[in-house]
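Residue-level listing of the chains:
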Amino acid sequence: MKFKRVLSAVMAAALCVSLAACGSTASSSQAASTAESAASSAAAEPAASPETAAGGLRVAGLKGPTTMGLVNLMDSGDGADYSFTMYGAADEIVPLLVKGDLDAAAIPANLAATLYQKTEGAVEVACVNTLGVLYILENGESIQSVADLKGQTIVTTGKGTTPEYVLRYVLARNGLDPDADVTIEYCSEATEALSQVQAGMANIAMLPQPFVTSALSQVEGLRVALDMNEEWEKVAGSQLVTGVLVVRKDAAEADPDAFAAFLDGYAASVEAANSDLEGTAALCEEYGIVAKAALAQKALPECNIVFETGEQMKTDLTNYFQVLYDADPASVGGALPGDDFYYGV
């Protein structure tokens, strides 16, 4: 197995933005511009042939839960059949996927939709790998429901990105006006939001896993008040999605049986991530996905790592994309993906 760690200066931010894949969600405009520029620059370069790519299927991941679900496959005997690369930010993966230098990648769901548009349908989503990873934390006991947020100030990250859309949607569907009933203060990073809570400048924050687990150990009295995945499901009727695995259609079609075998291995890896917490956590530290195994072991049960395919995948993503599109069409590439975006459906 080939596993290359590629670090970047934005690694910390990528880990804290959930939607950085509970790793790294690109902003609406950033995702669109990154995908568009990558598609344009790659147009003059021939895509790598999937039949001749060295090391089998070439798969990329980000630091965070989307790759935590892959780590058992990476470390298995079957992992030798694939080439795994980890990156610090989604915008490093996009041009490589567009040019054909990568076959598949675990990336934020909204970026997958944008890539589909900008590559004119050259990529498809194979599975949902991470559900909601956002949580409302409170230093106190006053928040027991979304209604209790009325009149409160929430510090969070992700203005103009998925966290903002999720928060505003949940608030609105619970009868609260996000612009009048709640004060939302945006920080550039999760660490900044947490520092305000630590300093007593704020009592309520919305943060992603695995940062939530770290924060709970740093602030006495801090607790999880609301699971935004649960709150989303109550009002949307589907699950909140964070990350997906996308694949180039030419790579999947070049050897359908080999790609199906990869997905089987991925499903087994996710099952192990949810059942063997200690072993998976150790691998997360070993491969540099999470800094410490102890943190990974505590965070794993809260990261909503899944392997969701077929009609359930399509239903959850369709509903999720509709909310994002209604908030800002650019967040999903300007249009909703077609049916051919959903692998195996």
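Residues numbered from 1 in each chain as written. Predicted model: local features only at pLDDT ≥ 70, side-chain atom pairs only at ≥ 80, totals over all residues. Heavy atoms only, no water.

Participant: Got a minute to help me understand the pattern of salt bridges in this structure?
Facilitator: One side chain can pair with another of opposite charge once the charged atoms of both are near each other. Scanning the model with the defined rule gives nine salt bridges in all. A salt bridge links Arg223 to Glu138; the shortest N-O distance between them is 2.9 Å. In this pair, Arg223 is assigned in strand 10 (residues 222-227) and Glu138 in strand 6 (residues 134-139), connecting sequence segments 85 residues apart. By relative accessible area, Arg223 is classed as buried at 16%. One salt bridge in this structure joins Lys249 and Asp340, with 2.9 Å as the shortest N-O distance. Of the two residues, Lys249 sits in helix 11 (residues 249-254) while Asp340 sits in the segment after helix 15 (310-327), which places them 91 residues apart along the sequence. What makes Lys249 buried here is its relative accessible area of 14%. (Salt bridge = Lys/Arg side-chain N within 4 Å of Asp/Glu carboxyl O. Helix = DSSP H or I, 4+ residues; strand = E, 2+ residues; numbered from the N terminus. Buried < 20%, exposed > 50% of the residue type's maximum accessible area, 1.4 Å probe, protein only.)

Participant: Whenever I open this one, the confidence of the model for the protein chain confuses me. Can you help?
Facilitator: One rule of thumb: low pLDDT means the predicted coordinates there are not for detailed reading. Chain-level pLDDT for the protein chain is 85 on average; 84% of the residues reach the 70-or-more range. Counting interchain partners and residues more than four positions distant, the pLDDT-below-50 stretch residues 1-29 has 103 contacts. (pLDDT = per-residue confidence, 0-100. Contact = heavy atoms within 4.5 Å.)

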